[in-house]
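# Residue-level structure breakdown
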Amino acid sequence: MPIDQEIPLLISNKISTYIKSDLFSHDSKADPQLKLLDVLKGINVKINSGSAYDSILDFIFEAFSPVLPYDRMAVALLNSPTEELTLKWVRSAQPSQVLSNSYSTSLKEGSSLRKIFETRQPRMIPDMEKHYEQNPQSVSTYLALKEGILSNLTLPLEAGNAVVGVLFFSSFKKNTFENLSVQIFKEISTAISMVLEYERLKAFFSKNSPIVQSISSVLHDLRSPLSIVDGFLDYALHENWFNQLPKECLDTFAVIQRNAKFMIELLNDFTELTQSY
């Protein structure tokens, strides 16, 4: 199966499994939960149609804004070697002035952002002004206030067994998230983690496509002479002169043909594997 079909199927299967799992609540009385089910199905459709990850994130922002009280969402991903967190996608009810795409901050020892990576637990800041008074050295908090952000809920984004980034929900009012269930926000972060995994896989195979194509070419070049040897021996088996050869020669040719067939089957398996990507 080509990679443009295989990756969407892989992620779609994960989403379908998630919807059916005990982690997903089908509470018919909770509008956000019903909306989540619709959004997960919408993500499936967009992934299968090859939509870019940022358009899928825009779709998520627009879908939940009528039922959840946020004014801004943002995704930041971790650069592990430098321990820098960089904004990769931002969507806000008002234009971003300073905290926009490509803004980076380091995960300093003891910072509340770093604790999210260490504990894998959400961080809630009900009053950004008070938080800044307590942490005047925090540049990102200062910039958030410049953006008009007065409360924030941040959740980990995971891929495999690692936290690879964070999802920010922000409000231009204080105490927005304090009395809300965090579970629905966790489920949204899980959905976005799947979207980011889809984009990561797509980028990986796109980057390595020339290598895969080179391997396919080498496999073809190896298979051709083996097929000639196998074809010649198949033909010779029906010739009188061949069957009159000494037994030692016939045994040697039998070994050659058996190994040639084995190598051809092995190369066919490798070729099928590379065509999947």
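Here, the structure is the one placed above.
Residues numbered from 1 in each chain as written. Predicted model: local features only at pLDDT ≥ 70, side-chain atom pairs only at ≥ 80, totals over all residues. Heavy atoms only, no water.

### Details of the packing of aromatic side chains
Taken as a whole, this structure holds seven aromatic pairs when the rule is applied. Between Phe61 and Tyr70, the aromatic rings sit 5.4 Å apart at their centres with planes inclined by 55°, giving tilted as the arrangement. Given a relative accessible area of 8%, Phe61 falls into the buried group. The exposure class of Tyr70 is buried, given its relative accessible area of 6%. Ring pairing ties together the aromatic residues Phe61, Tyr70, Phe169, Phe177 and Phe185, which thus form one cluster. Looking at Lys46, its charged tip hangs above the ring of Phe59, at a distance of 5.3 Å from the centre. (Phe/Tyr/Trp six-rings, centres within 6.5 Å; stacked < 30°, edge-to-face > 60°. Buried < 20%, exposed > 50% of the residue type's maximum accessible area, 1.4 Å probe, protein only. Lys NZ or Arg CZ within 6 Å of the ring centre and 35° of its normal.)

### Some words on the side chain of Asp230
Its place among the elements puts Asp230 in helix α8 (residues 209-236). For Asp230, a relative accessible area of 11% corresponds to the buried category. Here the side chain of Asp230 touches Gln257 through a polar contact of 3.2 Å, side chain to side chain. Contact partners of Asp230, with chain neighbours within four places excluded, come to Gln257, Lys261 and Ile264. (Helix = DSSP H or I, 4+ residues; strand = E, 2+ residues; numbered from the N terminus. Polar contact = N/O pair within 3.5 Å; in protein donor to acceptor, adjacent residues only side chain to side chain. Contact = heavy atoms within 4.5 Å.)

### Examining the pairing of strand β2 (residues 84-92)
Looking at chain direction, strand β1 (residues 72-79) and β2 are connected through eight bridges and run antiparallel. Each bridged residue has a counterpart across the sheet, and for Ala76 the counterpart in β2 is Leu87. Hairpin connection of β1 to β2: four residues between the antiparallel strands, including Glu83 at a positive phi of 55°. In this sheet, strand β3 (residues 104-106) lies alongside β2 in antiparallel orientation, the contact comprising three bridges. Bridge pairing in β3 places Glu84 opposite Ser106. (Pairing = 2+ DSSP bridges.)

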